[in-house]
Each structure stands twice: as C-alpha cells, then as structure tokens.
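Letter by letter, the chains look like this.
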Amino acid sequence: MARHREAAEERVEQVRDDAAGRFRLAGEFYETPARRGFARGELSFLRWEFERGVLSPVRGSPWWRAVNERLLRDKIEADLARGGHVSSRAVELWTDFVRTPTPVTWYRAHNASIVAGYLEHEELAHDETPLERFMINVTLVRALYAHALVAEPRLAAGRLGRAARHLGDPRYGTVGLFLSLRRVFPQHYPVAGGSLARLIAEEGRLPRLLDFGVIIPRLRQLYDFAAKSLDEPRITELITDGIPSYGQAPVEPSAWRVARPSLAMRLVRLATKPVAGSR
C-alpha cells in the first residue's frame, strides 16, 4: 500500500509545476482500450483548468492545483495496486473502475477523489475570492448531478430520467453539458472585477435552465445521494439550508435562487420533478 502510494506521489511530483505534464499524466490512465472512452469528461475539464490558468505554478490557484493532484494520485495508485491494498476509499473505488469500467464505477471513483480533495483542502478555498468560491461550489454541484443522472436517473431528472441518463455518460460528448464550464464562468484566473450578480446574469440560457430549473431544486437530495454512494457522510456538511456552503460560502444566498422563474424554467422544473420514492 505505502509503496504504491509513494510511487504515485513521485509521479505527480514530477509534473507538479508542469500543467501540460499533468494533462499528459491524466491521459495515460485512459490509454487502455477498455478505459479510453472515459477520458472525455475528465480531460475536457482538465483542459479548461489548463487554459484558464488555475494550474500554473506561478499565477495559478493552490486550491485547484491541490484538488487536481489528489485526483491524479488516486488514479495512479489504483493502476499500480491492481486490486491490492490501497491507501483510501477513493483509490479503492478507482480499482473497482479498473476492474469494471462503466459510467457508474467511473463517477463513483472520480467524484470520490474530487470530494476527498475538497475536504482535505478547504482551508485553501478560504483564500479564494468570493466569485471563485461560488465557481468551486458550482463545479462540485455539477459533478454530483452528472453522477446522479447516470446512477439514479429518477432522482436527477424525474420521469425523464430513463431517457436523459445517457446525457451524463462520460464517454459521450453530451457530458460537456454538465462538466464543461466554458460557457458559464470567466475563462481567466483570477477573476478580476465584476460581481456575482453579473456573473450569474451572463450565464448562458441552457446552463441557466439546467442549474436553476433542474439541479438547484434537488440540491439536498443530490448531496444525500453522494454521501451514501461515495461512503462519505461529510458531504452533507457542505450544504447549509439548501445552499452549497463549501469554503465559507454561501457568498450571497440569492445567487442560488430565482425570484421570478421564467415560463421555460417553470416547465423544466415540472417536467423533471423528482419522482416519489426516488432518493
């Protein structure tokens, strides 16, 4: 166990100050035929991090860098251990994925590592700007929702769940609807000027319908689902009064609510209302 973890840490150390190297290292995990298709969602998000500059050793974000490193280490350790003893539950879930590559096992492993990184490095998030902390919370919410869409589609999309579950499949381009933030947030780090209200107002129509029409009305259920699925009860501590609260958020509770939903948003909420009995 220690040997595999140390080897994984050494490989991550080699690319710590090389953002492009991180990208290459992340991609190597998916080079086997059985895993190749699952690289799409993760590498697309990593490319966004790279282009935005959060992984830069000079001007980047200590928080984003640390969470990314946790994901890299866990995957590498799982690949090295090949079913042997591992150092954490997240790595164990990655070994499950290595043995049985499916959308559900991928999301459990990926989100377990991401959540572990969030919990381990929350103090670093305190040093981020209010706008950045909001973005960090939205990133987590989107990842939890995409997992639920694949694993618990009735929770994620109500009666439309069965038809919509393929949208979150990490092997398909549609996963970008949930994991891609290019059309939602500023593309440079750190965010200079602006306000949270302006950030939200500039969100595209489709992302806004997804966030406020589908995801936000079921936030508590999503966090409860993730806590159970990932065997990590502390996830439920990252939401307060129905509002994501990681990193000393909420910044502005109003950012997570719509005072006057449009007709389209009301229809989306009605069409995707959670089915009775779903988690």
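Residues numbered from 1 in each chain as written. Predicted model: local features only at pLDDT ≥ 70, side-chain atom pairs only at ≥ 80, totals over all residues. Heavy atoms only, no water.

Enquirer: Can you lay out the overall build of the protein chain for me, pointing to particular residues and giving the numbers?
Expert: Each helix and strand in the protein chain was counted, giving 15 helices and two strands. The C-alpha radius of gyration of the protein chain comes to 18 Å, within 12% of the 19 Å expected for a compact globule of 279 residues. For the protein chain, the spread of C-alpha atoms along the three principal axes comes to 55 × 45 × 30 Å. In the protein chain, buried positions account for 53% of the 279 residues. Intrachain contacts of the protein chain at a sequence separation of at least 6 include 67% that bridge at least 24 residues. Accessible surface, the protein chain: about 12,900 Å² in total, of which carbon and sulfur atoms supply 53%. (Helix = DSSP H or I, 4+ residues; strand = E, 2+ residues; numbered from the N terminus. Rg over C-alpha atoms; globule rule 2.2 N^0.38 Å. Buried < 20%, exposed > 50% of the residue type's maximum accessible area, 1.4 Å probe, protein only. Contact = heavy atoms within 4.5 Å. Areas by Shrake-Rupley, 256 points an atom, 1.4 Å probe, with all protein chains shown as cover.)

Enquirer: Help me get a handle on helix α5 (residues 89–99), residues and values and all.
Expert: All of the buried residues in α5 are Ala-90, Val-91, Leu-93, Trp-94, Thr-95, Phe-97 and Val-98. On its buried face, α5 is in contact with α1 (2–14), α3 (39–52), α4 (62–81) and α6 (103–120).

Enquirer: Lay out the nonpolar core with the relevant residues and their values.
Expert: Within the largest apolar cluster, 86 residues are counted, with the highest numbers of intra-cluster contacts made by Trp-94, Phe-134, Tyr-145 and Tyr-223. With 13 residues, helix α8 (residues 130–151) is the largest single contributor of residues to this core. (Core = buried A, V, L, I, M, F, W, Y, C linked by side-chain atoms within 4.5 Å.)

Enquirer: I'd love a proper account of helix α2 (residues 19–28), names of residues and values included.
Expert: In an α-helix there are 3.6 residues to a turn, and that puts residues three or four apart on one side. Considered for burial, the residues of α2 that qualify are Ala-19, Gly-21, Arg-22, Leu-25, Ala-26 and Gly-27. In this fold, the buried residues of α2 make contact with α1, α3 and α4.

Enquirer: Residue-level account of the packing of α6 against α8, with values.
Expert: Running from amino to carboxyl end, α6 crosses α8 at an angle of 155 degrees, the nearest separation of the two axes being 9 Å. Here α6 is positioned roughly antiparallel relative to α8, judged by the angle of their axes. For the element pair α6 and α8, the recorded crossing hand is left-handed. Where α6 approaches α8, its residues Pro-103, Val-104, Tyr-107, Arg-108, Asn-111, Val-115 and Tyr-118 are matched on the opposing element by Ile-136, Thr-139, Leu-140, Ala-143, Leu-144, Ala-146, His-147, Val-150 and Ala-151. Here the residues of the contact of α6 with α8 sort into twelve nonpolar, three polar and one charged. (Axes fitted to C-alpha atoms, helices over the stretch in contact; angles between N-to-C directions. Parallel < 35°, antiparallel > 145°, perpendicular 65-115°, else oblique. Left-handed = near helix turned anticlockwise from the far one by under 90°. Nonpolar A, V, L, I, M, F, W, Y, C, P; charged D, E, K, R; others polar.)

Enquirer: Got a sec to walk through the packing of α1 against α4? Specific residues and values, please.
Expert: At a minimum axis distance of 8 Å, the contact between α1 and α4 shows a crossing angle of 135 degrees. Accordingly, the angle class assigned to the pair α1 and α4 is oblique. Handedness of the crossing formed by α1 with α4: right-handed. Contacts between α1 and α4 pair His-4, Arg-5, Ala-7, Ala-8, Glu-9, Arg-11 and Val-12 from the former with Glu-69, Arg-70, Leu-72, Arg-73, Asp-74, Ile-76, Glu-77, Leu-80 and Ala-81 from the latter. Along the lines of polarity and charge, the residues of the contact of α1 with α4 split into seven nonpolar, one polar and eight charged.

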